[in-house]
Amino acid sequence: MSANNSYQYPIDLSWTGEEMAAVISFFNQVEDFYESKVSREAFLTAYHQFKQVVPSKMAEKQLDREFEKASGYSSYRALQEVTKSERQFVKHQA
């Protein structure tokens, strides 16, 4: 988790603790993508676990909008860049 974030993650209170942890873990990967760099494998694993909790594309888009509004980071754009990259470690290209 970023030391300087003062926002809340978009979570559904009906999720289990394990499900919340999976969603937060994915958003942590998105933060790392923008703030430093991420392991492509770890990012995609976190996304896969996120999709186990949020299988609906519509719900995923809603969470992305909420997260981007709070943090300024787009999980959708991060996913696009990480997926396209063939590097082991990926970071945001400003």
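For the structure itself, look to the data block above.
From a predicted model like this one, the values you see are computed outputs, not experimental measurements. (Residues numbered from 1 in each chain as written. Predicted model: local features only at pLDDT ≥ 70, side-chain atom pairs only at ≥ 80, totals over all residues. Heavy atoms only, no water.)

Would you mind going over helix α2 (residues 40-53) with me for this structure?
Because an α-helix completes one turn every 3.6 residues, residues spaced three or four positions apart along the sequence face the same direction. Over its 14 residues, α2 runs 20 Å from end to end, which matches the ideal 20 Å to within 8%, given 1.5 Å per residue. Along α2, the positions that sit buried rather than exposed are F43, A46, Y47, F50, K51 and V53. Along the axis of α2, the buried residues cluster in a sector spanning 150 degrees; they form a single face. Of the residues in α2, the exposed ones pointing more than 90 degrees away from the buried face are E41, H48 and Q52. Those residues of α2 hidden inside the fold are in contact with α1 (17-35), β1 (38-39), α3 (57-71) and α4 (75-84). (Helix = DSSP H or I, 4+ residues; strand = E, 2+ residues; numbered from the N terminus. Expected span 1.5 Å × (residues − 1). Buried < 20%, exposed > 50% of the residue type's maximum accessible area, 1.4 Å probe, protein only. Arc of directions from axis to C-beta. Contact = heavy atoms within 4.5 Å.)

Got a minute to help me understand the nonpolar core in this structure?
Grouped burial of nonpolar side chains is what soluble globular proteins tend to show. By size, the foremost hydrophobic cluster in this structure holds 25 residues, and its most contacted members are F26, F27, V30, F33, F43 and F50. Looking at this core, the elements with two or more residues in it are α1, α2, α3 and α4. With eight residues, α1 is the single largest residue contributor to this core. Leaving out residues up to four positions away in the same chain, F33 has contacts with V38, F43, A78, E81, V82, V90, K91 and H92. (Core = buried A, V, L, I, M, F, W, Y, C linked by side-chain atoms within 4.5 Å.)

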